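Working through the structure, step by step
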Amino acid sequence: MTVRPFQPTDAPAWVALTNRVLNRHTTLDAWQADETRRPPDRLHCRWVTEQDGSVVGTAALYEWAFAPPGYLHAQVLVHPAARRQGRGAALAARLLATARETGAAGLQADVSDADPDSLRWAQARGFVHAAHRFTSELDLRTFDPGPFQPRLDRVTEQGVTITDLAGAGEAALDRYLNFVADRLPDTPDLAGHPRWPLAQVRETLHLDRDPRPEWLVQALAPDGTLLGISALVHYRDMAYNEFTAVHPQARGRGLALPMKLHAIRRAQEAGLRTMRTNNHSRNAPMIAVNDRLGFVRQPGRFELHLPLR
């Protein structure tokens with residue numbers, strides 16, 4: 001059984017297998033476009049294994065902003081018809097050896113919470129459960145903001161203005177980016193992580209490839225102090241709510257839901273059908289906001305860790 005490095009000619013098979021195993025619908029063109037945006041200085045290794053000339057298994061090892069400090073993200077996928085033949089184990093062995101060579105502190109992986117077989121396979125190789133996340137989805141075509149108007153009115157009564165960065169200058173953008181970087185370690189996803197560099201925040205908000213300042217919502221106090229943000233990015237046919245955060249001194253004032261309402265309106269105005277977000281299962285306040293707005297929870301994924309030191 002041979003495991004070999006990924007070649008550019010493997011791209012169609014790679015995309016097809018990823019779509020098949022992870023139930024995705026990524027096109028080859030979209031995948032290749034994402035590849036052109038991947039920073040060349042970041043570790044990113046891929047391998048494949050074949051059967052009768054066809055790729056039936058893949059593995060990837062790469063740096064990811066949401067992985068614990070010093071950890072690399074790991075992924076092993078095998079076509080259902082080619083499982084229980086040792087292919088996943090062979091891919092995992094190559095991946096693990098490379099991770100050790102790089103000096104990684106550990107590996108991070110994720111598996112569907114509806115896939116107990118894959119969970120057991122990973123746990124048998126030393127991976128342990130670290131977190132649970134799930135996607136929530138809102139149908140923008142049917143969403144009615146009317147019932148939430150009283151909440152918007154209460155924010156106005158506080159003297160808070162909810163606006164966006166459309167037409168704002170570099171100083172306002174810099175303040176927004178720094179606010180995001182400051183608040184990220186407050187989230188369950190990035191608790192204990194170092195503060196992100198502003199370049200990482202810019203990349204996550206697509207500012208260097210698809211800037212949408214009108215999708216960067218902010219709540220301002222009467223004196224102009226930035227109290228909170230809710231940021232959207234565009235992924236193909238949907239709006240994705242990357243971050244919603246409130247300054248610690250402004251929490252308890254009901255700002256998150258009104259900011260999300262403004263974000264939803266901007267996505268509707270763009271003609272999109274769907275808005276999605278991801279939640280850490282321990283982020284109860286934001287989950288409550290999403291539930292109140294009518295986001296529908298989708299199957300989630302378990303985050304797994306394998307320490308190497």
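Up top is the structure these notes are about.
Here goes a summary of the coordinates provided. (Residues numbered from 1 in each chain as written. Predicted model: local features only at pLDDT ≥ 70, side-chain atom pairs only at ≥ 80, totals over all residues. Heavy atoms only, no water.)

1. Section: the environment of L205
Take L205: it is sitting in the loop between α7 (198–204) and β8 (216–220). Since its relative accessible area comes to 2%, L205 is described here as buried. For the pair L205 and A231, spaced 26 residues apart in sequence, the C-alpha separation works out to 7.4 Å. Ignoring any residue separated from it by four or fewer positions in sequence, one finds L205 in contact with Y176, L177, L216, A231, V233, E242 and F243. (Helix = DSSP H or I, 4+ residues; strand = E, 2+ residues; numbered from the N terminus. Buried < 20%, exposed > 50% of the residue type's maximum accessible area, 1.4 Å probe, protein only. Contact = heavy atoms within 4.5 Å.)

2. With respect to the pattern of salt bridges
Counted under the stated rule, the structure contains 21 salt bridges. Where R4 meets D10, a salt bridge forms, and the shortest distance between an N and an O atom there is 2.8 Å. In this structure, the salt-bridge partner of D189 is R133, at a minimum N-O distance of 2.5 Å. On the criterion of sequence distance, the pair formed by D189 in the loop between α6 (170–183) and α7 and R133 in strand β6 (residues 128–139) is long-range, its members being 56 residues apart. (Salt bridge = Lys/Arg side-chain N within 4 Å of Asp/Glu carboxyl O.)

3. Here's the deal with the sheet that holds strand β2 (residues 44–51)
Here we have 12 strands laid out as an open sheet, ordered β1-β2-β3-β4-β5-β12-β6-β11-β10-β9-β8-β7, and mixed in their pairing. Looking at strand neighbours, the two that pair on one side only are β1 (3–5) and β7 (161–164), the edges of this open sheet. Pairs of neighbouring strands in the sheet enclose a mean axial angle of 25°, with direction left out of account. Where helix α3 (residues 87–102) meets the sheet, its contacts fall on β1, β2, β3 (54–62), β4 (71–78), β5 (106–112) and β12 (296–307), and the angle it forms with β4 comes to roughly 165°. (Pairing = 2+ DSSP bridges. Axes fitted to C-alpha atoms, helices over the stretch in contact; angles between N-to-C directions.)

4. Examining the side chain of R183
Here R183 is to be found in helix α6. Taking the relative accessible area as the measure of exposure, R183 reaches 13% and is therefore buried. Beyond its immediate chain neighbours, meaning those up to four positions away, R183 contacts A245, V246, H247, P248 and R251.

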